[in-house]
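Below, each chain spelled out in residue letters.
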Amino acid sequence: MKFQLNKNYLVLAHSLFLIELAIAFIIKTGFIRYTFGDYLVVILLYAIIRGCTNLNVRASSLVVLLIAYGIEFLQLTPFLTYFNLQDSLTAKLIFGSTFHVTDLLAYTLGILTVLAVESSISKRLKKQNISLWKL
């Protein structure tokens, strides 16, 4: 893995981060706050990784999914208490505080969306005889 900046992914990451902030601070309950926010967060993490490294699509997707699943399964433990962060709103926003199987589904659907979009872009570029690495 090599550090390499990609402006397109970083712009996407910045946009998704602003959307996530809006969701976190404006919408207090419901599908958009909990499920759609989790769906978007894996896309955000993917964009950050692709924007800062030269990892390929599959490796980046796998890393993001492992991070998301790892954090979700950590919620089965009192890990915020171990670090004395149980009262921190920021820590709860970033790491969550309760385990939900639906979150795992949202993460998986987010990564499947990423893979579908990346595949579509790759096919379109191949038709135009352009390599993703040249962009």
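In the nomenclature of an unreviewed UniProt entry, the chain corresponds to DUF2809 domain-containing protein from the organism Winogradskyella marina.

1. A word on the overall build of the chain
Helix and strand counts for the chain come out as 6 helices and 0 strands. Mapped from its N terminus to its C terminus, the chain presents α and β elements in the order α-α-α-α-α-α. Oriented by its inertia axes, the alpha-carbon framework of the chain measures out at about 55 × 30 × 25 Å. Relative to its 135 residues, the chain shows a buried fraction of 31%. Intrachain contacts of the chain at a sequence separation of at least 6 include 65% that bridge at least 24 residues.

2. Notes on the environment of Ala-68
Note on placement: Ala-68 falls in helix α3 (residues 57–74). Along the chain, Ala-68 and Val-41 lie 27 residues apart, while their C-alpha atoms are 8.8 Å from each other. When neighbours within four sequence positions are excluded, Ala-68 is seen to be in contact with Val-42 and Tyr-107.

3. Things to note about helix α1 (residues 7–26)
Its 20 residues place the ends of α1 28 Å apart at the C-alpha level, agreeing with the 28 Å of an ideal helix rising 1.5 Å per residue. Within α1, the full set of buried residues consists of Tyr-9, Ala-13, Leu-16, Glu-20, Ile-23 and Ala-24. In a view along the axis of α1, the buried residues occupy a sector of 90 degrees, so they form one face of it. Residues Lys-7 and Ile-26 are exposed on α1 and point more than 90 degrees away from its buried face. Tucked inside the fold, the buried residues of α1 contact α2 (31–52), α5 (89–95) and α6 (101–127). Structurally, the start of α1 carries an N-cap: the backbone nitrogen of Asn-8 is 3.0 Å from a side-chain oxygen of Asn-6.

4. Digging into the packing of aromatic side chains
For the structure on display, the rule yields 4 aromatic pairs. Considering the side-chain rings of Phe-79 and Phe-95, the 5.8 Å spacing of their centres and the 90 degrees angle between planes classify their relative orientation as edge-to-face. Separated by 16 residues along the polypeptide, Phe-79 in helix α4 (residues 79–82) and Phe-95 in helix α5 bring together distant segments of the chain. Taking the relative accessible area as the measure of exposure, Phe-95 reaches 30% and is therefore partly exposed.

5. Regarding the UniProt feature "transmembrane region" (unreviewed entry) in the chain
With numbering aligned to this structure, UniProt lists the feature "transmembrane region" (unreviewed entry) at residues 9–26, 32–49, 61–81 and 93–117. Annotation note: span residues 93–117, helix share 80%, strand share 0%, distance between end C-alpha atoms 27 Å.

6. Brief notes about the nonpolar core
Grouped together as the largest cluster of nonpolar side chains are 22 residues, with contacts concentrated most on Val-42, Ile-43, Tyr-46, Val-64 and Tyr-107. Looking at this core, the elements that each hand over two or more residues are α1, α2, α3 and α6. When residues no more than four places from it in sequence are discounted, the contact partners of Val-42 are Val-64, Ala-68, Tyr-107, Gly-110 and Ile-111.

7. Description of the layout of surface pockets
Approximately 1,000 Å³ is the volume attributed to the largest pocket. Every residue lining the largest pocket is counted, 32 residues in all, and those nearest its centre are Asp-38, Lys-92, Leu-93, Ile-94 and Gly-96. For the lining of the largest pocket, the elements supplying multiple residues, two or more each, are α1, α2, α3, α5 and α6. Sort the elements by how many residues they give to the lining of the largest pocket and α2 lands first, with 8 residues.

How each quantity is defined
- Within any chain, residue numbers begin from 1 and follow the written order of that chain's sequence.
- Confidence filtering applies because this is a predicted model: local features only for residues at pLDDT of at least 70, side-chain atom pairs given and counted only at 80 or more, and all residues used for totals across whole chains, interfaces and linings.
- In computing side-chain properties, one takes all heavy atoms of the structure into account and sets aside hydrogens as well as water.
- Helix and strand assignments come from DSSP, with helices taken as H or I runs of at least 4 residues and strands as E runs of at least 2, each series counted from the N terminus.
- Residue exposure (1.4 Å probe, protein chains only): buried if accessible area is under 20% of the type maximum, exposed if over 50%, otherwise partly exposed.
- The contact definition used throughout considers only heavy atoms, calling two residues in contact when any of these lie within 4.5 Å.
- Working rule for helices: expected span equals 1.5 Å times residues minus one.
- Each C-beta atom gives one direction from the helix axis, and the arc is the one those directions make.
- Polar contacts, as used here, are pairs of N or O atoms within 3.5 Å; protein pairs need one atom able to donate a hydrogen and one able to accept it. Residues neighboring in sequence count only if both atoms are side-chain atoms.
- A pair of Phe, Tyr and Trp rings is counted when the ring centres sit within 6.5 Å of each other, with Trp represented by its six-membered ring. The angle between the planes then sorts it: under 30 degrees is stacked, over 60 is edge-to-face, the rest tilted.
- UniProt positions are given in the numbering used here, feature names are shortened, and annotations may be inferred rather than shown by experiment.
- The definition of a nonpolar core used throughout is a set of buried Ala, Val, Leu, Ile, Met, Phe, Trp, Tyr and Cys residues joined through side-chain atoms within 4.5 Å.
- We place a 1 Å grid over just the protein atoms. Points where a 1.4 Å probe fits but has no way out form a cavity, open points with protein on both sides within 12 Å along at least 5 of 7 lines form a pocket, and any residue with an atom within 4 Å of a point lines it.
- Grid points are joined across faces, edges and corners, and a volume is the space filled by probe spheres set on the points.

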